[in-house]
Amino acid sequence: MIIAANLKTNLTRKQTSKYVDEVERFLNANNISQEVLVFPAMSSLNPHAGKLTIGAQNAYPVLNGAYTGEIGLEHLEEFGIKTILIGHSERRHILGETQESITKKFDFYKNLGFRIVYCIGEPLEIRKAGEDELLKYLDTQYAGIDLNYENLVIAYEPVWAIGTGLTPTLNDIEVLHTKLKKKSKAPLLYGGSVKVTNAKDVLALKNVDGILVGSAALYAEHFCSMINYAQALNK
Ligand code: 13P
């Protein structure tokens with residue numbers, strides 16, 4: 001399974017180093033064989049060799065250039081980073097990324113063989129409009145994306161469940177994941193208010209291949225507990 005921590009705009013470089021060390025120690029001490037990904041803030045990136053993989057939360061689809069506030073491939077290469085999060089709802093809805101710009105980013109990093117964690121998810125009004133509308137909406141987020149890319153991971157994260165403490169029911173997650181799996185065979189993670197208290201149940205669902213965790217993953221101890229659940233299930 002794939003257990004991923006999106007640290008968002010949290011944890012300084014110093015705090016991130018401590019965090020990564022703590023998780024790495026846990027993985028080694030417990031012989032964890034699951035894939036563990038950590039996405040720190042840009043200024044907290046560091047080269048890392050170990051069991052866990054460090055990924056970038058974002059990067060511009062360019063080697064380098066005049067793109068104020070962005071980083072490019074060159075900056076990722078400096079840290080040996082070959083994993084990237086693309087299409088996160090915060091980048092779509094707060095930072096205004098369009099499907100077109102997301103597709104360009106996807107193609108650029110795909111052509112370089114990056115492991116891409118591609119995020120999709122609907123806002124509440126779409127969820128309320130019913131299943132047909134929901135699937136139609138998610139299809140628009142698949143537009144232009146190579147769903148057969150061999151290094152693709154998809155993360156389904158309903159926007160209304162992110163950082164809210166709300167989640168779809170376990171049955172809703174399973175039903176939707178089963179439908180999404182028909183569109184792509186890529187590992188499919190669930191994200192949105194995953195906590196130590198619900199991670200085990202979510203991970204046990206059919207067609208859930210892992211989790212992408214935000215706030216609850218900020219505590220290394222909590223993140224490690226979730227990794228432990230995944231290890232015990234070992235699907
Ligand atoms: P929370 O776990 O804080 O809801 O965030 C989920 C998320 O956005 C992970 O990418």
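To be clear, the structure that these remarks concern was listed above.
Residues numbered from 1 in each chain as written. Predicted model: local features only at pLDDT ≥ 70, side-chain atom pairs only at ≥ 80, totals over all residues. Heavy atoms only, no water.

Participant: Any chance you could explain the overall build of the protein here in plain terms?
Facilitator: Check the secondary structure of the protein and you find nine helices and eight strands. The globule rule puts the C-alpha radius of gyration for 235 residues at 18 Å, and the 17 Å found for the protein is close to it. Seen along its three principal axes, the alpha-carbon backbone of the protein occupies a region of about 45 × 45 × 30 Å. Buried residues in the protein amount to 50% of all 235 residues. The contacts of the protein with a sequence gap of at least 6 include a subset with a gap of at least 24, amounting to 70%. Accessible area for the protein stands at about 10800 Å²; split by element, carbon and sulfur atoms hold 52% of it. Across the protein, the centroid of the 25 positively charged side chains sits 3 Å from that of the 26 negatively charged ones. (Helix = DSSP H or I, 4+ residues; strand = E, 2+ residues; numbered from the N terminus. Rg over C-alpha atoms; globule rule 2.2 N^0.38 Å. Buried < 20%, exposed > 50% of the residue type's maximum accessible area, 1.4 Å probe, protein only. Contact = heavy atoms within 4.5 Å. Areas by Shrake-Rupley, 256 points an atom, 1.4 Å probe, with all protein chains shown as cover. Lys, Arg positive; Asp, Glu negative; His and termini not counted. Charge placed at Lys NZ, Arg CZ, Asp CG, Glu CD.)

Participant: How should I be thinking about helix H6 (residues 131–142) in this particular structure?
Facilitator: Every α-helix carries 3.6 residues per turn, so stepping three or four residues along brings you back to the same face. Here H6 spans 17 Å end to end across twelve residues, near enough to the 16 Å set by a 1.5 Å rise per residue. Taken as a whole, H6 has its buried residues at Leu-134, Leu-135, Tyr-137, Leu-138, Gln-141 and Tyr-142. All buried residues of H6 project into a common sector of 160 degrees when viewed along the axis, lining one side. Opposite the buried face of H6, by more than 90 degrees, sit the exposed residues Asp-132 and Lys-136. Two residues or fewer past H6, Gly-144 is found with a positive phi of approximately 80 degrees. (Expected span 1.5 Å × (residues − 1). Arc of directions from axis to C-beta.)

Participant: What exactly am I supposed to notice about the pattern of salt bridges here?
Facilitator: Between side chains of opposite charge, a pair can form as their charged atoms come close. For the structure shown, the criterion picks out twelve salt bridges. Between Glu-70 and Arg-91 there is a salt bridge; the shortest N-O distance is 4.0 Å. Here the residue Glu-70 occupies a position in the loop between strand E3 (53–54) and helix H2 (73–78), and Arg-91 occupies one in helix H3 (residues 89–94), the gap between them amounting to 21 residues. Judged by its relative accessible area of 19%, Arg-91 is buried. Several salt bridges converge on common partners, so that one network encompasses Glu-70, Arg-91, Glu-97 and Lys-105. (Salt bridge = Lys/Arg side-chain N within 4 Å of Asp/Glu carboxyl O.)

Participant: Help me out: how do you make sense of the site of the ligand in this one?
Facilitator: Taken together, the neighbourhood of the ligand is formed by 13 residues, with Lys-8, Glu-157, Gly-163, Ser-193 and Ser-215 sitting nearest. Within the side chain of Glu-157, one N or O atom sits 3.0 Å away from an oxygen atom of the ligand. Here an oxygen atom of the ligand and a backbone polar atom of Gly-214 are 2.8 Å apart. When the free accessible area of the ligand is taken as 300 Å², the share hidden by the protein chains comes to 98%. Judged by its atoms lying within 2 Å of the grid points, the ligand is housed in the second largest pocket. Residue classes in the shell around the ligand are distributed as four nonpolar, seven polar and two charged. (Near = heavy atom within 4 Å. Polar contact = N/O pair within 3.5 Å; in protein donor to acceptor, adjacent residues only side chain to side chain. 1 Å grid on protein atoms, 1.4 Å probe; cavity = no way out; pocket = protein on both sides within 12 Å on 5 of 7 lines; lining within 4 Å. Sits in = over half its atoms within 2 Å of the grid points. Nonpolar A, V, L, I, M, F, W, Y, C, P; charged D, E, K, R; others polar.)

Participant: Mind showing me how you'd approach the environment of Gly-192 here?
Facilitator: Mapped onto the elements, Gly-192 comes out in the loop between strand E7 (188–191) and helix H8 (196–204). Taking the C-alpha atoms as reference points, Gly-192 and Glu-131, separated by 61 residues in sequence, lie 18 Å from one another. Here Gly-192 is in contact with Glu-157, Ala-161, Ile-162, Leu-166, Thr-167 and Leu-212, once residues within four sequence places are set aside.

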